[in-house]
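Listed here are the chains, written in short residue letters.
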Amino acid sequence: MNLSDYTEPKPHRARRIIWALVNASLFRLFPGSMCRGWRHGLLRLFGARIGKDALVYSSCKIYAPWNLSVGRACIGPHTELYNKAPITVGDDSVISQGSFLCTASHDISSPMLPLVSRPITVGDKVWIAADCFVGPGVAVADGCVLGARCCLFRSTTPYTVLGGNPAQVIKKRIIK
């Protein structure tokens, strides 16, 4: 086995390079909610589906906007969306500062460790608190709360509060 022979398909290489430059410059040019239309326009130009009432902070790092769908939700400051596979965020959801949603990993059953990608779905009325990690293939069900610094590797059931690493159910979420 020679790992130097490993190659990974890069179907969007040119678009990725251009977007990386835009995300690091023009996207961050006008911080604050006053310029959300500017950021929405840039994201849509690169294929994202963004609800008109969405709020995507200027410091958010997005790998592939063409794999992003955001409803009426907030993607907070210094979040990172590593979306080699699609990430979908539902309505009335918040992804707080410093959180990392990662759709890709490696197949550890293969000696070449090839890249594998699986989508992430965040339902409606979800709160992903500060510095959380959400792994590939996870569906965060409607109404869930992930406590700060939570690491989620499995899909959730609706209206549960989770915390820890790995995430464990703490209690049911009751809306008053």
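In what follows, the structure referred to is the one given above.
Residues numbered from 1 in each chain as written. Predicted model: local features only at pLDDT ≥ 70, side-chain atom pairs only at ≥ 80, totals over all residues. Heavy atoms only, no water.

K.L.:
What's the story with the pattern of salt bridges in this structure? I'm lost.
P.N.:
Side-chain pairing between opposite charges can occur once the charged atoms of the two side chains come close. This structure, assessed with the given rule, holds 5 salt bridges. Its salt-bridge partner being K61, residue E80 comes within 4.0 Å of it at the nearest N-O pair. One end of the pair, E80, is in strand β6 (residues 80-82); the other, K61, is in strand β3 (residues 61-62), and 19 residues separate them in sequence. Overall, E80 belongs to the partly exposed group, its relative accessible area being 25%. Judged by relative accessible area, which is 45%, K61 ranks as partly exposed. Residues joined by salt bridges that share partners form a network here, namely R72, D92 and K125. (Salt bridge = Lys/Arg side-chain N within 4 Å of Asp/Glu carboxyl O. Helix = DSSP H or I, 4+ residues; strand = E, 2+ residues; numbered from the N terminus. Buried < 20%, exposed > 50% of the residue type's maximum accessible area, 1.4 Å probe, protein only.)

K.L.:
Even after reading the chapter, I still don't get the pairing of strand β19 (residues 168-172), so can you show me in this structure?
P.N.:
The side chains of a regular strand alternate between the sheet's two faces. Counting buried positions along β19 gives 0 out of 5 residues, so the element sits mostly on the surface. Bridge count between strand β18 (residues 160-163) and β19: 4 bridges; the pairing is antiparallel. If you follow T160 over to β19, its bridge partner there is K172. As consecutive antiparallel partners, β18 and β19 are separated by 4 residues, and within that stretch G164 has a phi angle of approximately 100°, a positive value. (Pairing = 2+ DSSP bridges.)

K.L.:
Explain the sheet that holds strand β14 (residues 133-134) to me, please; I cannot follow it from the model alone.
P.N.:
Backbone hydrogen bonds are what pair the strands of a sheet, in a parallel or an antiparallel way. Taking strand neighbours across the sheet as the criterion, the 5 strands line up as β3-β6-β9-β14-β17 in an open arrangement whose pairing is parallel. One side of each edge strand has no neighbouring strand; the edge strands of this open sheet are β3 and β17 (151-152). Of the strand pairs in this sheet, β14 and β17 are connected by 2 bridges, and their pairing is parallel. From the neighbouring strand, F133 faces β17, where its bridge partner is C151.

K.L.:
Sorry, what's going on with the sheet that holds β18 here?
P.N.:
Here we have 7 strands laid out as an open sheet, ordered β2-β5-β8-β13-β16-β18-β19, and mixed in their pairing. Each edge of the open sheet carries a strand with a single partner, namely β2 (55-56) and β19. Alignment of β2 against strand β5 (residues 74-75), held across 2 bridges, turns out to be parallel. Across the sheet, the residue bridging to V56 is I75, located in β5.

K.L.:
Hey, could you run me through the packing of aromatic side chains in this one?
P.N.:
For any pair of aromatic rings, the description rests on two quantities: the centre-to-centre distance and the angle between the ring planes. Inspection of every chain in the model, using the stated rule, returns 5 aromatic pairs. Aromatic side chains F133 and F153 sit 5.7 Å apart centroid to centroid with 45° between the ring planes, which places their arrangement in the tilted category. Pair noted here: F133 is in strand β14 and F153 is in the loop between β17 and β18, with a separation of 20 residues, a long-range link. You can call F153 partly exposed: its relative accessible area is 47%. The structure contains a cluster of three or more aromatic residues connected by ring pairs, namely W19, F27 and F46. Just above the ring of W66 sits the side chain of R15; from NZ or CZ to the centre is 4.1 Å. Sitting over the ring of Y63, R16 keeps its end group 3.8 Å from the ring centre. (Phe/Tyr/Trp six-rings, centres within 6.5 Å; stacked < 30°, edge-to-face > 60°. Lys NZ or Arg CZ within 6 Å of the ring centre and 35° of its normal.)

K.L.:
Would you mind showing me how to read the environment of P31 here?
P.N.:
For P31, the position within the fold is in the loop between α1 (13-24) and α2 (36-45). When the C-alpha atoms of P31 and S59 are compared, they prove to be 7.9 Å apart, with 28 residues separating the residues in sequence. Other than its neighbours up to four places away in sequence, P31 contacts R39 and S58. (Contact = heavy atoms within 4.5 Å.)

K.L.:
Which parts of the structure should I look at to understand α1?
P.N.:
Residues spaced three or four apart along an α-helix point in a common direction, a consequence of the helix completing one turn every 3.6 residues. Look at α1: 17 Å from first C-alpha to last across 12 residues, which is about the 16 Å you get at 1.5 Å a residue. Among all positions in α1, only W19, V22 and N23 are buried. Taken end-on, α1 shows its buried residues confined to a sector of 95°, consistent with a single buried face. α1 presents R13, A14, L21 and A24 as exposed residues on the side facing more than 90 degrees away from its buried surface. On its buried side, α1 packs onto α2 and β3. (Expected span 1.5 Å × (residues − 1). Arc of directions from axis to C-beta.)

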